[in-house]
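# Secondary and tertiary structure notes
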Protein chains: 2
Amino acid sequence: MLEYKDFEEKTIERTEIFKGKIIDVYLDDVALPMGGTAKRELVFHHGGVGIIPITSENKMIMVKQFRKPLEKVVLEIPAGKIDPGEGQQPEKTASRELEEETGYRSDNLKYINEMYLSPGFSNEKLYVYLATDLVKVEHPRPQDEDEVLELYELTLTEAQQAIQDGSICDAKTIFAVNYWELLQYKQG
Amino acid sequence: MLEYKDFEEKTIERTEIFKGKIIDVYLDDVALPMGGTAKRELVFHHGGVGIIPITSENKMIMVKQFRKPLEKVVLEIPAGKIDPGEGQQPEKTASRELEEETGYRSDNLKYINEMYLSPGFSNEKLYVYLATDLVKVEHPRPQDEDEVLELYELTLTEAQQAIQDGSICDAKTIFAVNYWELLQYKQG
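Here, residues in each chain are numbered from 1, in the same order as that chain's written sequence. To read the labels, note that chains go from A and ligands from 1, taken in the order they are written. At least 70 in pLDDT is required for a residue's local features to be given in this predicted model, at least 80 for side-chain atom pairs to be given and counted, and no such filter applies to totals for whole chains, interfaces and linings, which use all residues. Each side-chain value is worked out from all heavy atoms of the structure, with water and hydrogens disregarded.

For chain A, the name recorded in an unreviewed UniProt entry is ADP-ribose pyrophosphatase, with Enterococcus hermanniensis as its organism. UniProt positions are given in the numbering used here, feature names are shortened, and annotations may be inferred rather than shown by experiment. Recorded under Cofactor (unreviewed entry), the UniProt text for chain A is reproduced unchanged: "Mg(2+)".

Spelled out as structure tokens, the structure:
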């Protein structure tokens, strides 16, 4: 069995390429454990949250929105970036994003999982929460002013069809639908 | 119900930030559908494949490797980037990566799903395949020379424990384990 030192790639030199609002990009020269060097392209991100909101009618609330990198309108679970001040408390981000994007708050927000989305080049981590016991907020926090969102409520079957037809097409939302299906098997 | 034009963000100007071997980075000025403009940070990637290899003993083959963006050694399903020449045939990439990383080929490679990993800033798409009927290759294609890999075979319970203890921590591998669990429910 190999040890950590047999795997580790130590940074020899790090070059800053770009510092943005959402991502920072670096190019590293690394020393390979078996000798020699290589380049590593790195995208650093503060992480985000995804929320699986299930209504009392057993529907999942999803958000339709435009994603510029895909040039497509897609259906996703509510999600958002962690603000620097919220770094240690992703649950706060989850509560805030749920309210901003759906107009609901949850009296039962449960941590499910955390996952790196693209570990080959990025450290972006997503914290996923299940939100039940949803309560409509009278005067919800406004949505981000540069986002156009449309809300949908889907049954499990509708969500699975949306994966088949491609309107649901991102990893966190596919995770959410599979998680929901597993939950129904486990609850019998 | 909103239409595509109510969501669309048209590019006014695109600025090239970085052209790498794995990613290209751009900064767009976009026209918002409700008026005004915004910046969009974009990472373009050629996409990749992930393979869920299940042995005849009903174990999943995983690969331990160092991920520079995380500065961590993690367990993942075999995966790899699509080469430009393989763009239209991700199944070829899947066969190649399975052999390179595990020394097995599959007589039964089945397309499962495709998913965008981080649609907020990146167009990276992952094609996922289930690989069964595995056959040990006599002289497998060599691994990439800048990768150190160690192979493991995990039962479903071991894989679920590895998610709990954080040694499995990326979206595609968590997807794979959930997919495997669902498969067992469906097969009774």
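Okay, back to it.
Here the focus is the interface of chain B and chain A. Opposite the 72 residues of chain B that make contact, chain A presents 72 residues. Two parts lose some accessible area (1.4 Å probe) when they are put together, and adding that loss for both gives the buried area. Summing both partners gives a buried area of about 6100 Å² for chain B against chain A, and 67% of it is carried by carbon and sulfur. The three residues of chain B that bury the most area against chain A are F7, E41 and K68 of chain B, which together make up 12% of that side's buried surface. Any carboxyl oxygen of Asp or Glu within 4 Å of a side-chain nitrogen of Lys or Arg constitutes a salt bridge here. Counting every contact that joins chain B to chain A gives 4 salt bridges. K186 of chain A is paired through a salt bridge with E181 of chain B; the nearest N and O atoms lie 3.4 Å apart. Any N or O atom pair separated by 3.5 Å or less is treated as a polar contact, with the protein-specific requirement of one donor-capable and one acceptor-capable atom, and with residues adjacent in sequence counted only for side-chain atom pairs. Counting the contacts that link chain B with chain A gives 24 residue pairs in polar contact (both at pLDDT 80 or more). Split into classes, the residues belonging to the side of chain B that touches chain A amount to 37 nonpolar, 10 polar and 25 charged. In this description, contact between two residues means that some pair of their heavy atoms is separated by no more than 4.5 Å. Any residue outside Ala, Val, Leu, Ile, Met, Phe, Trp, Tyr, Cys, Pro, Asp, Glu, Lys and Arg is labelled polar, Gly included; the first ten of those are nonpolar and the last four are charged.

Attention shifts here to the packing of aromatic side chains. To pair, rings of Phe, Tyr and Trp, with the six-membered ring standing in for Trp, must have centres within 6.5 Å; the planes then decide the type, stacked if under 30 degrees apart, edge-to-face if over 60, and tilted in the middle. Applying the stated criterion across every chain, the model contains 9 aromatic pairs over all chains. When the ring of F66 of chain A is compared with that of Y4 of chain B, the centres are 6.1 Å apart and the planes differ by 70°; the resulting orientation is edge-to-face. Here Y4 of chain B lies in helix α1 (residues 4–7) and F66 of chain A lies in strand β5 (residues 60–67), a pairing that spans two chains. Each residue gets one of three labels from its accessible area relative to the maximum for its type: buried under 20%, exposed over 50%, partly exposed in between, using a 1.4 Å probe on protein chains only. Residue classification places F66 of chain A among the buried residues on the basis of a relative accessible area of 7%. Here Y185 of chain A and Y185 of chain B contribute two aromatic rings whose centre-to-centre distance is 4.9 Å and whose plane-to-plane angle is 10°, an arrangement assigned as stacked. Placement of the pair is Y185 of chain A in helix α4 (residues 171–186) and Y185 of chain B in helix α4 (residues 171–186), with the two residues belonging to separate chains. Note on Y185 of chain B: relative accessible area 32%, which makes it partly exposed. Remark: a charge is flagged as sitting over a ring if the NZ atom of Lys or the CZ atom of Arg is within 6 Å of the ring centre and within 35 degrees of the ring normal. Over the ring of Y104 of chain A we find K136 of chain A, and its NZ or CZ is 4.5 Å from the ring centre. The ring of Y26 of chain B carries the charged tip of R14 of chain B above its face, separated from the ring centre by 5.7 Å. Each helix corresponds to a stretch of at least 4 residues labelled H or I by DSSP, and each strand to a stretch of at least 2 residues labelled E; elements are numbered beginning at the N terminus.

This brings us to the domain arrangement of chain A. Residues and elements named next belong to chain A. Segmentation of the chain into domains, including their bounds, is taken from an automatic or database domain assignment. Taken as a whole, chain A is organised into domain 1 (4–45) and domain 2 (48–187). Its C-alpha centre places domain 1 at a distance of 31 Å from the equivalent point of domain 2. For the pair domain 1 and domain 2, the two sides together bury roughly 540 Å², of which 56% comes from carbon and sulfur. Sorting the residues of domain 1 by area buried against domain 2 places I22, V43 and H45 first, and these three jointly supply 76% of that buried surface.

To continue, consider the sheet that holds strand β7 (residues 79–81) of chain B. Residue and element names in this part refer to chain B. When DSSP finds at least two bridges between two strands, those strands are taken to pair. Read from one edge to the other, the open sheet built from 4 strands follows the order β7-β4-β9-β8, with strand pairing classed as mixed. Of all the strands in the sheet, the pair left with one neighbour each is β7 and β8 (104–116). Strand-to-strand twist of the sheet, defined as the mean angle between neighbouring strand axes without regard to direction, takes the value 25°. To obtain each axis, a line is fitted to C-alpha atoms, and for helices this fit is confined to the stretch in contact; angles are then taken between N-to-C directions over 0 to 180 degrees.

Another point: helix α2 (residues 90–102) of chain B. Along an α-helix, a turn takes 3.6 residues, which lines up residues three or four apart on a common side. Residues and elements named next belong to chain B. A helix's residues, less one, multiplied by 1.5 Å, set its expected span. Spanning 13 residues, α2 covers 18 Å between terminal C-alpha atoms, matching the ideal 18 Å at 1.5 Å per step. Burial of α2 is extensive: 10 of the 13 residues sit out of reach of the surface. Considered for burial, the residues of α2 that qualify are P90, T93, A94, R96, E97, L98, E99, E100, E101 and T102.

Copies of the same chain, two in number, are related to each other by a rotation about an axis and a translation along it. Alignment of the copies relies on least squares applied to C-alpha atoms, considering only residues that score at least 70 for pLDDT in both. Mapping chain B onto chain A calls for a screw motion: a turn of 180° about the axis and a shift of 0.0 Å along it, with 0.0 Å RMSD after fitting. Each copy turns onto its partner about a two-fold axis. When you check the interface residues of chain B against chain A, 100% turn up at the interface there too, and the contact is symmetric in its surfaces.

A separate point is the packing of helix α3 (residues 156–165) of chain B against α4 of chain B. Residues and elements named next belong to chain B. Two elements in contact, α3 and α4, have axes separated by 10 Å at closest approach and are oriented at 145°. The crossing of α3 and α4 is left-handed. Residues L156, A159, Q160 and I163 of α3 touch α4, and the partners they reach there are I174, V177, W180, E181 and Q184. Residue composition of the contact of α3 with α4, grouped by class: 6 nonpolar, 2 polar and 1 charged. Crossings are sorted by hand: turned counterclockwise from the far helix by less than a right angle, the near helix makes the crossing left-handed, and turned clockwise it makes it right-handed.

This part is about the pattern of salt bridges. Across all of its chains, the model carries 32 salt bridges over all chains by this definition. Linking K172 of chain B and D170 of chain B is a salt bridge whose minimum nitrogen-to-oxygen distance equals 2.7 Å. One exposure class covers both K172 of chain B and D170 of chain B, and it is buried. Taken together, the salt bridges that share partners define one network made up of R67, E76, D170 and K172 of chain A.

With that settled, the discussion passes to the packing of α4 of chain A against α4 of chain B. For the pair α4 of chain A and α4 of chain B, the least separation of the axes is 10 Å and the interaxial angle reads 30°. With respect to each other, α4 of chain A and α4 of chain B are oriented roughly parallel. For the pair α4 of chain A and α4 of chain B, the sense of crossing is left-handed. Of α4 of chain B, the residues touching α4 of chain A (which contributes A171, I174, F175, N178, E181, L182, Y185 and K186 of chain A) are A171, I174, F175, N178, E181, L182, Y185 and K186 of chain B. Orientation labels follow simple angle bins: below 35 degrees gives roughly parallel, above 145 gives roughly antiparallel, 65 to 115 gives roughly perpendicular, and whatever is left gives oblique.

Attention now goes to the side chain of R40 of chain B. Here R40 of chain B lies in strand β3 (residues 37–45). Ignoring any residue separated from it by four or fewer positions in sequence, one finds R40 of chain B in contact with K68 and D146 of chain A together with E9, Y26, L27, D28, V30 and L32 of chain B.

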